Amino acid sequence: QVQLVESGGGLVQAGGSLRLSCAASGSDFSIIRMGWYRQAPGTQRELVATTTNGGNTNYADSVKGRFTISRDNAKNTVYLQMNSLKSEDTAVYYCHCAARRLRLYDFWGQGTQVTVSS
(Lines give C-alpha, C1' and ligand atoms only; values in the text may rest on other atoms or scores of the structure.)
Protein backbone atom coordinates (compact mmCIF):
# COMPACT_ATOMS: atom_id res chain seq x y z
CA GLN A 1 0.00 0.00 0.00
CA VAL A 2 0.92 3.64 -0.50
CA GLN A 3 -0.25 6.03 2.19
CA LEU A 4 -0.90 9.64 1.27
CA VAL A 5 -0.98 12.34 3.94
CA GLU A 6 -2.29 15.74 2.89
CA SER A 7 -1.96 19.08 4.59
CA GLY A 8 -2.42 22.75 3.90
CA GLY A 9 -6.14 23.23 3.32
CA GLY A 10 -8.16 25.91 5.01
CA LEU A 11 -10.18 29.08 4.62
CA VAL A 12 -8.91 31.94 2.51
CA GLN A 13 -10.38 35.06 0.97
CA ALA A 14 -10.81 35.37 -2.76
CA GLY A 15 -7.57 36.46 -4.36
CA GLY A 16 -5.51 34.78 -1.66
CA SER A 17 -3.15 31.82 -1.78
CA LEU A 18 -2.82 28.40 -0.24
CA ARG A 19 -0.27 25.63 -0.58
CA LEU A 20 -1.24 21.99 -0.33
CA SER A 21 1.23 19.22 0.43
CA CYS A 22 0.94 15.47 0.04
CA ALA A 23 3.54 13.04 1.29
CA ALA A 24 3.55 9.46 0.02
CA SER A 25 4.95 6.55 1.95
CA GLY A 26 5.02 2.84 1.37
CA SER A 27 7.38 0.19 0.21
CA ASP A 28 7.56 -2.05 -2.83
CA PHE A 29 5.77 0.40 -5.11
CA SER A 30 7.24 2.59 -7.81
CA ILE A 31 5.43 5.91 -7.94
CA ILE A 32 4.70 6.87 -11.51
CA ARG A 33 2.51 9.94 -11.20
CA MET A 34 1.15 12.17 -8.42
CA GLY A 35 -1.43 14.86 -8.53
CA TRP A 36 -4.47 16.62 -7.17
CA TYR A 37 -8.16 16.25 -7.82
CA ARG A 38 -11.05 18.12 -6.27
CA GLN A 39 -14.71 17.61 -5.61
CA ALA A 40 -17.24 20.29 -4.80
CA PRO A 41 -20.64 19.39 -3.29
CA GLY A 42 -22.97 17.89 -5.87
CA THR A 43 -20.27 17.52 -8.50
CA GLN A 44 -17.97 14.78 -9.74
CA ARG A 45 -14.33 14.60 -8.75
CA GLU A 46 -12.23 16.44 -11.32
CA LEU A 47 -8.58 16.67 -12.17
CA VAL A 48 -6.74 19.76 -10.97
CA ALA A 49 -3.11 19.00 -11.81
CA THR A 50 -0.75 16.07 -12.17
CA THR A 51 2.98 15.58 -12.49
CA THR A 52 5.01 12.58 -13.59
CA ASN A 53 8.40 11.33 -12.52
CA GLY A 54 9.86 12.95 -15.59
CA GLY A 55 8.45 16.33 -14.63
CA ASN A 56 5.63 16.46 -17.15
CA THR A 57 2.67 18.41 -15.80
CA ASN A 58 -0.98 18.64 -16.73
CA TYR A 59 -3.48 21.22 -15.52
CA ALA A 60 -7.20 21.73 -15.73
CA ASP A 61 -8.00 24.71 -17.91
CA SER A 62 -9.75 26.38 -14.98
CA VAL A 63 -6.54 26.58 -12.92
CA LYS A 64 -3.91 27.24 -15.59
CA GLY A 65 -1.87 30.30 -14.76
CA ARG A 66 -3.04 30.30 -11.13
CA PHE A 67 -2.00 26.91 -9.72
CA THR A 68 1.42 25.31 -9.86
CA ILE A 69 2.16 21.67 -9.11
CA SER A 70 5.62 20.62 -8.04
CA ARG A 71 7.21 17.52 -6.66
CA ASP A 72 10.14 16.57 -4.49
CA ASN A 73 10.99 13.09 -5.75
CA ALA A 74 13.46 12.46 -2.94
CA LYS A 75 10.70 13.03 -0.39
CA ASN A 76 7.88 11.55 -2.48
CA THR A 77 5.98 14.73 -1.80
CA VAL A 78 3.83 16.72 -4.18
CA TYR A 79 2.80 20.33 -3.68
CA LEU A 80 0.04 22.47 -5.13
CA GLN A 81 0.58 26.20 -4.93
CA MET A 82 -2.76 27.90 -5.44
CA ASN A 83 -2.77 31.63 -6.17
CA SER A 84 -5.53 34.05 -7.10
CA LEU A 85 -8.08 31.75 -5.53
CA LYS A 86 -11.71 32.10 -6.54
CA SER A 87 -14.90 31.03 -4.81
CA GLU A 88 -15.33 28.35 -7.45
CA ASP A 89 -12.12 26.73 -6.25
CA THR A 90 -13.92 25.76 -3.05
CA ALA A 91 -13.86 21.97 -2.80
CA VAL A 92 -12.32 19.01 -1.06
CA TYR A 93 -8.91 18.45 -2.62
CA TYR A 94 -7.65 14.89 -2.90
CA CYS A 95 -4.10 13.79 -3.45
CA HIS A 96 -3.71 10.98 -5.98
CA CYS A 97 -0.85 8.63 -6.64
CA ALA A 98 -0.43 6.13 -9.46
CA ALA A 99 2.12 3.52 -8.47
CA ARG A 100 3.34 0.29 -10.00
CA ARG A 101 3.91 -3.08 -8.44
CA LEU A 102 3.59 -5.64 -11.23
CA ARG A 103 0.63 -3.57 -12.36
CA LEU A 104 -0.60 -0.02 -11.90
CA TYR A 105 -2.52 0.92 -8.76
CA ASP A 106 -4.37 4.09 -7.77
CA PHE A 107 -4.15 5.50 -4.26
CA TRP A 108 -6.04 8.43 -2.74
CA GLY A 109 -5.53 10.68 0.24
CA GLN A 110 -8.27 11.44 2.74
CA GLY A 111 -8.94 14.87 1.29
CA THR A 112 -8.43 18.38 2.60
CA GLN A 113 -11.03 21.13 2.53
CA VAL A 114 -10.28 24.37 0.71
CA THR A 115 -12.82 27.12 1.19
CA VAL A 116 -12.54 30.44 -0.64
CA SER A 117 -14.75 33.20 0.68
CA SER A 118 -15.88 35.97 -1.65
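This text gives an overview of the structure that appears in the document. (Residues numbered from 1 in each chain as written. Predicted model: local features only at pLDDT ≥ 70, side-chain atom pairs only at ≥ 80, totals over all residues. Heavy atoms only, no water.)

## A closer look at unusual backbone geometry
In this structure, Asn-76 is a non-glycine residue whose phi angle is positive, near 50 degrees. Topologically, Asn-76 is positioned in the loop between strand S7 (67-72) and strand S8 (77-82). Of note in the backbone geometry, Ser-84 takes a positive phi value of approximately 50 degrees without being a glycine. Position of Ser-84 relative to the elements: it lies in the loop between S8 and strand S9 (91-101). Taking the relative accessible area as the measure of exposure, Ser-84 reaches 40% and is therefore partly exposed. (Helix = DSSP H or I, 4+ residues; strand = E, 2+ residues; numbered from the N terminus. Buried < 20%, exposed > 50% of the residue type's maximum accessible area, 1.4 Å probe, protein only.)

## Here we look at the pairing of strand S4 (residues 30-39)
Looking at chain direction, S4 and S9 are connected through nine bridges and run antiparallel. Pairing of Ser-30 across the sheet is with Arg-100, part of S9. In textbook terms, the turn of a hairpin is the stretch between consecutive antiparallel strands, and for S4 and strand S5 (residues 46-52) this stretch comprises six residues, one of which, Gly-42, has a positive phi near 80 degrees. (Pairing = 2+ DSSP bridges.)

## Structural notes on the pattern of salt bridges
Scanning all chains against the criterion turns up four salt bridges. Put simply, Asp-89 and Arg-66 hold a salt bridge, and the shortest N to O gap is 2.8 Å. Residue Asp-89 is located in the loop between S8 and S9, and its partner Arg-66 is located in the loop between strand S6 (57-59) and S7; the two are separated by 23 residues in the primary sequence. Of the two residues examined, Asp-89 and Arg-66, each falls in the buried class. Salt bridges linked by common partners bring Arg-38, Glu-46, Arg-66 and Asp-89 together as one network. (Salt bridge = Lys/Arg side-chain N within 4 Å of Asp/Glu carboxyl O.)

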